[in-house]
Amino acid sequence: MSEPLAERLRPRSLDDYIGQKHLVGEGAVLRKMIDAGRISSFILWGPPGVGKTTLAQIIANKLQTQFFTLSAVTSGVKDVREVIERAQKGRFFNEASPILFIDEIHRFSKSQQDSLLGAVEKGIVTLIGATTENPSFEVIRPLLSRCQLYVLKSLEKEDLLTLLQRAITKDIILKERKIELKETSALLRYSGGDARKLLNILELVVESSSNDETVITDSIVEECLQQNPLAYDKDGEMHYDIISAFIKSIRGSDPDAALYWMARMIEGGEDPQFIARRLVISAAEDIGLANPNALLLANAAFDAVMKIGWPEGRIPLAECAVYLATSPKSNSAYMGIGKALEVVQKTGNQPVPLHLRNAPTSLMKDLGYSDGYKYPHDFAGHFTPQQYMPDALQKERIWHAQHSPAEQKLYERMVNYWGKKYEE
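Rules of the game
Residues numbered from 1 in each chain as written. Predicted model: local features only at pLDDT ≥ 70, side-chain atom pairs only at ≥ 80, totals over all residues. Heavy atoms only, no water. Helix = DSSP H or I, 4+ residues; strand = E, 2+ residues; numbered from the N terminus. Buried < 20%, exposed > 50% of the residue type's maximum accessible area, 1.4 Å probe, protein only. Areas by Shrake-Rupley, 256 points an atom, 1.4 Å probe, with all protein chains shown as cover. Pairing = 2+ DSSP bridges. Axes fitted to C-alpha atoms, helices over the stretch in contact; angles between N-to-C directions. Contact = heavy atoms within 4.5 Å. Expected span 1.5 Å × (residues − 1). Polar contact = N/O pair within 3.5 Å; in protein donor to acceptor, adjacent residues only side chain to side chain. Salt bridge = Lys/Arg side-chain N within 4 Å of Asp/Glu carboxyl O. Right-handed = clockwise from strand over helix to strand, strands pointing away. Core = buried A, V, L, I, M, F, W, Y, C linked by side-chain atoms within 4.5 Å. Patch = residues over 30% accessible without salt bridge, like charges linked within 9 Å, V, L, I, M, F, W, Y side chains within 5 Å. Phe/Tyr/Trp six-rings, centres within 6.5 Å; stacked < 30°, edge-to-face > 60°. Lys, Arg positive; Asp, Glu negative; His and termini not counted.

### A few points about the overall build of the protein chain
If you tally the helices and strands in the protein chain, you get 20 helices and seven strands. Referenced to the eigenvectors of the C-alpha coordinate spread, the extents of the protein chain come out at roughly 85 × 60 × 45 Å. By the burial criterion, 43% of the 424 residues in the protein chain qualify as buried. Roughly 23400 Å² of accessible area belongs to the protein chain as shown, and the carbon and sulfur atoms make up 52% of that amount.

### Things to note about the sheet that holds strand 4 (residues 126-131)
Taken in spatial order, the five strands make up an open sheet running 2-3-4-1-5, and their pairing is parallel. Edge positions in the sheet fall to strand 2 (67-71) and strand 5 (148-151), since each has one partner strand and no second. With direction set aside, neighbouring strand axes in the sheet form an average angle of 20°. Note that strand 3 (residues 99-103) and strand 4 share four bridges and pair parallel. Directly across from Ile102, in strand 4, lies its bridge partner Gly129.

### Looking at the pairing of strand 2
Within a regular strand, side chains alternate between the sheet's two faces. Side chains Phe68 and Leu70 of strand 2 all project onto a buried face; the interleaved residues Phe67, Thr69 and Ser71 project onto a face where none is buried. For strand 2 and strand 3, the ladder comprises five bridges, and the chain directions are parallel. The residue bridging Phe68 from the neighbouring strand is Leu100, located in strand 3.

### Quick look at the environment of Trp418
Residue placement: Trp418 occurs in helix 20 (residues 405-418). On the accessibility criterion, Trp418 (23% relative accessible area) is partly exposed. Measuring from C-alpha to C-alpha, the distance between Trp418 and Thr214 comes to 73 Å, with 204 residues separating the pair along the chain. Those residues in contact with Trp418 that lie beyond four places of it in its chain are Phe383, Pro385, Gln386 and Tyr388.

### A look at helix 11 (residues 195-208)
Here helix 11 contains 14 residues, and its C-alpha end-to-end distance of 20 Å stays within 8% of the 20 Å for a straight helix at 1.5 Å per residue. Residues of helix 11 that are buried make contact with helix 1 (5-8), helix 9 (157-170), strand 6 (178-181), helix 10 (185-191), strand 7 (213-216) and helix 12 (218-225). Taking the backbone nitrogen of Arg196 as reference, a side-chain oxygen 3.0 Å away marks Asp194 as the first, capping residue of helix 11.

### Side note on the pattern of salt bridges
Across all of its chains, the model carries 15 salt bridges by this definition. For Arg31, the salt bridge identified is with Asp35, shortest N-O distance 3.5 Å. Here Arg31 pairs with Asp35, and both are found in helix 3 (residues 29-36), just four residues apart, close to one helical turn. With relative accessibility at 48%, the residue Asp35 sits in the partly exposed group.

### Let's talk about the side chain of Thr131
Note that Thr131 resides in strand 4. A distance of 2.9 Å separates the side chain of Thr131 from the side chain of His106, its partner in a polar contact. Setting aside chain neighbours within four positions, we find Thr131 in contact with Ile43, Leu44, Trp45, Gly46, Lys52, Ile105 and His106.

### Things to note about the pairing of strand 4
When you tally the buried positions in strand 4, you get six out of six residues, the bulk of the element. Residues of strand 4 alternate between two faces, with Thr126, Ile128 and Ala130 on one and Leu127, Gly129 and Thr131 on the opposite face, all of them buried. Examined bridge by bridge, strand 1 (residues 42-45) and strand 4 share four bridges and lie parallel to one another. Across the sheet, residue Trp45 finds its bridge partner in strand 4, namely Thr131. In the classification by handedness, the crossover that spans strand 3, the intervening helix 6 (residues 110-122) and the parallel strand 4 is right-handed.

### Focus on the nonpolar core
The biggest cluster of nonpolar side chains holds 27 residues, and the ones touching the most others in it are Leu187, Leu202, Ile216 and Val221. Secondary structure elements with two or more residues in this core: helix 1, helix 9, strand 6, helix 10, helix 11 and helix 12. Looking at this core, the element that brings in the most residues is helix 11, giving seven residues.

### Regarding a nonpolar patch on the surface
A contiguous nonpolar surface patch, about 310 Å² in accessible area, is contributed by Tyr373, Tyr375 and Tyr388. You can see Tyr373 is positioned in the loop between helix 19 (362-366) and helix 20. The class of Tyr373 is partly exposed, set by a relative accessible area of 36%.

### Looking at the packing of aromatic side chains
Taken as a whole and judged by the stated rule, the model has six aromatic pairs. Relative to Phe101, the ring of Phe67 lies with its centre 6.3 Å away and its plane at 20°, an arrangement referred to as stacked. Remark: Phe101 occurs in strand 3 and Phe67 occurs in strand 2; sequence separation between them is 34 residues. Ring geometry for Tyr388 and Trp418: centres 6.4 Å apart, planes at 80°, overall edge-to-face. One end of the pair, Tyr388, is in the loop between helix 19 and helix 20; the other, Trp418, is in helix 20, and 30 residues separate them in sequence.

### Observations regarding the environment of Leu9
Position of Leu9 relative to the elements: it lies in the loop between helix 1 and helix 2 (21-24). A residue is classified by how much of its surface remains accessible, and Leu9, at 12% relative accessible area, is buried. Measuring from C-alpha to C-alpha, the distance between Leu9 and Ser145 comes to 34 Å, with 136 residues separating the pair along the chain. Apart from residues no more than four positions distant in its own chain, Leu9 is found in contact with Arg166, Ala167, Asp171 and Leu199.

### Section: the side chain of Asp194
Considering the arrangement of structural elements, one finds Asp194 in the loop between helix 10 and helix 11. Buried charge without a salt bridge: Asp194, with Arg196 as the nearest opposite-charge side chain at an N-O distance of 4.7 Å. In terms of polar contacts, Asp194 uses its side chain to reach the backbone amide nitrogen of Lys197, at 3.0 Å.

Worth remembering: the numbers are spatial, not functional.
Below you can see the structure in the form of structure tokens.
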């Protein structure tokens with residue numbers, strides 16, 4: 001039995017690698033490390049089928065070093081320790097560290113991740129982790145701090161079309177068939193930027209044809225797949241489309257739609273923690289100061305899911321989704337931090353005004369540190385006007401209130417304190 005098409009077409013060098021030019025294109029950061037022959041440990045974060053495993057294998061081939069691979073789904077702490085021991089024994093003096101590739105590293109428990117720390121820190125292995133989930137949530141901080149993080153993107157339309165042409169002209173089996181790509185919209189739509197899925201669909205369509213000549217059209221692809229285009233796929237395009245619909249339904253104050261999209265995710269086998277995290281983000285981003293209790297409830301729902309598990313965890317998640325959808329909305333904090341980051345990027349490291357600096361030594365006091373600072377609690381209403389922004393940014397406005405009932409009170413307090421500075 002021949003290998004699947006996706007495996008037959010797996011690139012063996014960076015020259016054949018499609019996509020991720022921001023990482024492996026000429027002059028890109030990862031390409032420079034690979035060409036230099038030395039890499040540090042890193043984690044590849046991106047959706048399925050964008051080349052994480054392939055990139056790790058190419059790096060190992062390029063560096064001509066030992067390559068060990070573990071799957072977080074089937075491997076335990078014992079497996080990790082055995083691989084580290086083999087890597088340590090098999091390494092020759094002055095040779096590059098063996099590469100340990102861990103697919104789906106986000107599925108490793110804390111103890112499993114802890115077992116990697118010493119080997120990574122001492123350089124016994126160079127860790128390459130692959131994950132489809134945000135490493136900030138799924139990878140322990142000590143391990144994350146020892147690794148660079150590189151974000152891989154879904155393949156663009158041009159990348160996928162290039163891959164299709166390569167498949168029908170270069171593959172040892174398909175090139176013997178007469179294949180015409182008359183229409184490609186359905187292929188691209190169902191693949192969702194996933195190269196492996198694209199090739200699997202192509203192979204399925206070709207194999208289902210009884211003729212030596214295969215003309216691929218959108219209708220033929222849809223007929224072969226025989227699937228509802230709205231079906232949820234937690235590893236593909238629908239994963240991102242449905243979570244987007246879920247969040248936008250909450251933002252748009254439609255609890256019926258929010259519950260519907262949540263039910264679609266639950267039926268599709270989505271990770272409950274993923275849903276819970278999205279609710280926490282939505283509470284901070286979309287409800288914000290209009291109802292600060294929303295963030296408290298979202299965090300409580302997250303904790304409840306962790307404590308009681310599934311399927312009962314769906315109840316606090318549903319309660320939270322309805323609460324967020326029916327809450328007043330404000331994104332002023334979200335917009336405010338975005339504006340603040342924009343100001344910082346444009347103006348650089350502005351000096352802290354002297355009166356805001358700490359003065360733990362007599363020298364600092366002599367230099368004027370903390371001189372003139374007014375302690376707000378010493379004044380009526382626990383407030384007195386003074387400068388808090390850097391000198392060059394005193395007139396810069398960052399936070400703009402949005403006048404929901406709860407936020408209106410905050411706005412009025414700021415106008416009362418600062419006068420015209422906060423008047424809109």
